[in-house]
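Spelled out, the chains give:
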Amino acid sequence: MPVNMNDFKKQDSTWCPACGNFGIWTALKKALVKLDLGPDQVCFTMGIGCHGHLHNYMKTYAFEGLHGRSLPLGAAIKMVNKDIPVVAFAGDGDCLGEGGNHFVHTIRANHDMTLVLHDNQTYGLTTGQTAPTSLKGYKSKSTPSGVIETPFNPLTLALSSGATFVARAFSQDLSGLSDILVKAISHKGFALVDIFQPCVTFNKVNTYQWFKERVYKLEETDHDTSDKIAALSKALETEKLPIGVFYEEKRPSYEDELPQLEGEPIVNREAGKRDVDSLMEALR
Amino acid sequence: MAQDIQWKIGGEAGFGIMTTGLLFAKACLRGGLNTFNYTEYPSLIRGGHNCMQVRVSDEEIHSQTKQVNILVALNMNGVTRHTEELADGAAIIYDSEDLTLDEKEYEKYDLIGMPWKQIIKDNDLKEVMKNNIALGASLGLLNYDLETLFGVIQDTFGRKGDEVVNANKKAAKAGYDYVQEHYKELCKITLQKTDNEPKMLINGAEAISIGAIAGGLQFYAAYPMTPSSGILHYLAKEGPKVGMVVKHAEDEISVANMAVGAGYAGARSMCGTAGGGFCLMAETVGLAGLTETPVVMFNVMRPGPATGLPTWTGQADIPLVRGAGQDDVTKIILSIGDMQDSFELTWKALNYAEKYQLPVIVMSDKYLTESHIGTAKFDTGSVVVDRGLLLSDEQAAKEEDYKRYKLTDTGISPRAIPGQKGTPFAANSDEHDEYGQSDEEIENAIAQKDKRLKKLEEYKKEMPTVQMFGKDDADLTVITWGSTKMPAREALKWLEKDGINIQIMQIVSIHPFPSEQVSEVISKAKETLIIEGNQTAQMAALIREHTGIELKNKFLRYDGRPFYPEDIVAKVKEMVN
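How each quantity is defined
- Residues numbered from 1 in each chain as written.
- Chains lettered and ligands numbered in written order.
- Predicted model: local features only at pLDDT ≥ 70, side-chain atom pairs only at ≥ 80, totals over all residues.
- Helix = DSSP H or I, 4+ residues; strand = E, 2+ residues; numbered from the N terminus.
- Rg over C-alpha atoms; globule rule 2.2 N^0.38 Å.
- Buried ≥ 20, exposed ≤ 12 C-beta atoms within 10 Å, placed from the backbone.
- Contact = placed C-beta atoms within 7 Å.
- Nonpolar A, V, L, I, M, F, W, Y, C, P; charged D, E, K, R; others polar.
- Pairing = 2+ DSSP bridges.
- Domains from an automatic or database assignment.
- Axes fitted to C-alpha atoms, helices over the stretch in contact; angles between N-to-C directions.
- Parallel < 35°, antiparallel > 145°, perpendicular 65-115°, else oblique.
- Core = buried A, V, L, I, M, F, W, Y, C linked by C-beta atoms within 7 Å.
- Arc of directions from axis to C-beta.
- pLDDT = per-residue confidence, 0-100.
- Left-handed = near helix turned anticlockwise from the far one by under 90°.

Within chain A, the regular secondary structure consists of 10 helices and 8 strands. The C-alpha atoms of chain A give 20 Å as radius of gyration, which agrees with the globular expectation for 284 residues (19 Å, within 12%). Taken along the three principal axes of its C-alpha coordinates, chain A extends 70 × 40 × 40 Å. Buried positions account for 52% of the 284 residues belonging to chain A. Sequence separation of 24 or more characterises 72% of the internal contacts of chain A that already satisfy a separation of 6 or more.

Let's shift gears to unusual backbone geometry. Following B:Thr226, the chain continues into B:Pro227 via a peptide bond in cis, with omega recorded as 5°. Among the structural elements, B:Pro227 can be located in the loop between strand S8 (219-222) and helix H8 (229-238). Going from B:Gly304 to B:Pro305, the amide bond is cis rather than trans, its omega being -5°. As for its placement among the helices and strands, B:Pro305 is situated in the loop between strand S11 (295-301) and helix H11 (318-323). Phi is positive for A:Asn110, which is not a glycine, with a value near 55°. Within the secondary structure layout, A:Asn110 lies in the loop between helix H5 (100-109) and strand S4 (114-119). Look at A:Asn110 and you get buried, because 24 C-beta atoms sit within 10 Å.

Next up on the list: the interface of chain A and chain B. Opposite the 45 residues of chain A that make contact, chain B presents 58 residues. Among the secondary structure elements, those contributing two or more residues to the side of chain A that touches chain B are helix H2 (54-57), strand S2 (61-64), helix H3 (70-80), H5 and helix H10 (277-281) of chain A. Broken down by element, the side of chain A that touches chain B gets its largest block of residues, 8 residues, from H3(A). Of the residues belonging to the side of chain A that touches chain B, the class tally is 23 nonpolar, 13 polar and 9 charged. Summarising the sheet, S2(A) and strand S15 (residues 426-428) of chain B pair through 3 bridges and their orientation is parallel. By the bridge assignment, A:Ala62 is partnered in S15(B) with B:Ala426.

One frequently used descriptor of interface size is the decrease in accessible area upon assembly of the parts. Looking at chain B, the domain boundaries give domain 1 (4-198), domain 2 (203-375), domain 3 (393-460) and domain 4 (466-576). For domain 3 of chain B versus domain 4 of chain B, the distance between C-alpha centres works out to 41 Å.

Residues and elements named next belong to chain B. Two numbers describe how helix H17 (residues 515-524) lies on helix H18 (residues 538-547): the axes approach to 10 Å, and their chain directions differ by 100°. By the angle between their directions, the pair H17 and H18 is classed as roughly perpendicular. Contacts between H17 and H18 involve Ser-515, Val-518 and Ser-519 from the first element and Ile-543, His-546 and Thr-547 from the second.

A word on the nonpolar core. A general feature of soluble globular proteins is that nonpolar side chains tend to end up buried together. Within the largest apolar cluster, 245 residues are counted, with the highest numbers of intra-cluster contacts made by A:Val80, A:Val166, A:Leu192, A:Val193, B:Ile93, B:Phe219 and B:Ala259. Residue contacts for A:Val166: discarding those within four places in its chain leaves A:Leu155, A:Ala158, A:Leu159, A:Leu192, A:Ala231, A:Phe246 and A:Tyr247.

Time to look at H5(A). Taken residue by residue, H5(A) has A:His102, A:Phe103, A:Thr106, A:Ile107 and A:Ala109 as its buried positions. Burial along H5(A) is one-sided: seen end-on, the buried residues are contained in an arc of 160°. Along its buried surface, H5(A) packs onto H3, helix H4 (92-98) and helix H6 (154-160) of chain A together with helix H9 (252-265) of chain B.

Before going further, it helps to spend a moment on the sheet that holds strand S6 (residues 110-114) of chain B. All names here are of chain B. Sheet architecture is open: 8 strands sit in the order S6-S5-S4-S1-S3-S2-S14-S7, paired in mixed fashion. At either margin of the open sheet sits one strand with a lone partner, and together these are S6 and strand S7 (200-203). With direction set aside, neighbouring strand axes in the sheet form an average angle of 15°. With 7 bridges connecting them, strand S2 (residues 34-40) and strand S3 (residues 47-57) associate as antiparallel partners. Across the sheet, the residue bridging to Thr-35 is Val-56, located in S3.

Mean pLDDT over chain B: 96, with 100% of residues reaching 70 or higher. As a predicted assembly, this complex carries a pTM of 0.98 together with an ipTM value of 0.98.

On to the pairing of strand S4 (residues 68-73) of chain B, then. Residues and elements named next belong to chain B. Across the 6 residues of S4, 6 count as buried, placing the element largely inside the fold. By the bridge criterion, 4 bridges tie strand S1 (residues 4-13) to S4 in an arrangement that is parallel. From the neighbouring strand, Lys-8 faces S4, where its bridge partner is Leu-71. Of the strand pairs in this sheet, S4 and strand S5 (residues 86-95) are connected by 5 bridges, and their pairing is parallel. Paired with Ile-70 across the two strands is Ala-91, which belongs to S5.

So, on to the packing of helix H1 (residues 17-29) of chain B against helix H5 (residues 146-157) of chain B. Residues and elements named next belong to chain B. Relative to each other, H1 and H5 sit at 125°, their axes nearing to 8 Å. Considering the angle they form, H1 stands oblique to H5. The interaxial crossing formed by H1 with H5 has right-handed handedness. Residues Leu-23, Lys-26 and Ala-27 of H1 form the contact with H5, whose participating residues are Thr-148, Leu-149, Val-152 and Thr-156. Taken together, the residues of the contact of H1 with H5 sort by class into 4 nonpolar, 2 polar and 1 charged.

As structure tokens, then:
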């Protein structure tokens, strides 16, 4: 029986009404239906933040870990089980603040996984402080006079770190987001999907209206997704904000490069007692 | 008369001192002898002073000793830094072209001056082979069988080709012949081979790694940090050959999370670090505890705090490891004391992690992990791989209302892994219900906390508690943990020869604490002495906490150096007499 949206049904959501996460949730289910991946055929990892509650509302294999750590969890799951699609979810503060080091290095390794970055430019679950992606001058509980730092650009950093799939989406654009998620999950190697996801409760600057006035679709331009320099220059735009696939490249994933992963995934092999006599003999 | 000599080589870091020490030990082991190698080096790559000492005996030995019988000094520091350690009549092998040793000052010793450059020139050797000349000279001084060393050279350098092998043999022979020719009268000791089966030369890192491989380890992650890197190096080389993934990740936080991720996904998983790296892993200990994810974590201790003494030894991380993770984390902490423990408790730790679905932390230290001992091959007959209540694909498929955190009598719940049909669940770092759903209700919070703690009661039924050595009616009971077991056992042997009987209690389980066993041993002891490598008697504090017993006699060392049997013997004699 083909997978359908109801297969993922779990508890009702407790996200704020109109939260940007709803769009991600729906688009994600649509993408999995399209890919025919059921709840037991995919593994999610999450950090801590509003995004991290997703597993309570959506039935799949999942691991909600610690703040900032969804990437190392996901990378390891993939290394020992190369057959299961792994999708890591993270918030902007979670992934780019607490877990910034993992962001760069997971990309560099090109682990075969997808990162869904819930980018609302604020801290939601901790009730409204500034985030690494907040615009300069953003006023919040932790920066009442406005944030001094310039915003973190996940796309340019991903591109310069060697990402093999870089995309951005807007959570209100369900079909566009869903298509991008299908491509990202199908991509062999690391795929970043940065998602504009308005926080209706705490971010009064980057609202649905704010994004609607600025986003435009890359697929409607002559952008070449194999051109990294063009991708970088698109990612640096700030007046108007392009969404869609910025860059795509074929490169063996980390898992492809491990000869010991040939054949069955590690977790499907019997973890039995091994003969170590020759190892001990070599020490004589 | 038992043969028992100690050879030492010292010089500038980068001279190949470690390799030379290992070749010397192997040559002795192949002659059916026993060896113990102890090494000291600074946190530098070039320059600074390195040394390695090899104790050789025809009896079973457990540690290095203080007195050196043959000293190979590759520079002046090699002489002056070790003069105090020299036994009367010890030999000093040194470069007589470069160094001038005052005969009066060193009159107690046999000075074996060797014109390295001349020997190199006469035999058409390379400068880098100085160490092999010294090695040959040392064995010449001991009238030892040179062919045995040739065998070791062949096996060590064989892959580099005949030319390298022959050049190294030639260098060793040149040193051997020079000493035999010029210092025949000083070749007083004859190191006799025995008919015993040659033992393997292994350090703690290798013993841990081999234990892990035997025990079915499938994933290892680490970030380089002395003195834990030996495990990473060994597994990175040997692991992939048996299908293991070995990952050098970006930091210890990632390392620990990867190890937990791999454990959750269904692989036998482990990670390793030293105290500083373990500080970064602390949050992940809690994560593994709360999500009931099997993982083994090694903390190979060195003195701190902060960077501390990076290449030295210590036993001072009990509070760190016990306290890792906020609140009461359901975890197991074990401490290993010698090569046998390193092998055995590693494969057992992998089983405990999966049987009880929790983090198992194993504590080692620099002294154990980087010292080499000649030991018989480990008995692998008892090795078993126990995956606990891991569901097979068939079992998982039959589950209808799967509860990953089901409340059971033992607290242990059947475990599914990602990809199995019919059992999708979330491992959740929030407090959760039996399914894994976030749940903050009172009743659930208590039920899940109690469930997790209950697993330790189950584990206690098979927990390795303490190891005892010596006689029950001893005059004194020495209490120790970790690698101090080795010099303590050596001291026990020496004291026995002097008619003093001591008993040793090595505490293996740090958490849960084996209160009953420890109380019983202490209450029956005539007198006690606790020996540990930290400033504040951390184990004594643990004993007081769990048994109410205040130990008054403490022998502590916290200068980065291991205990020596001589010091333990002296301390015991002071107390007993």
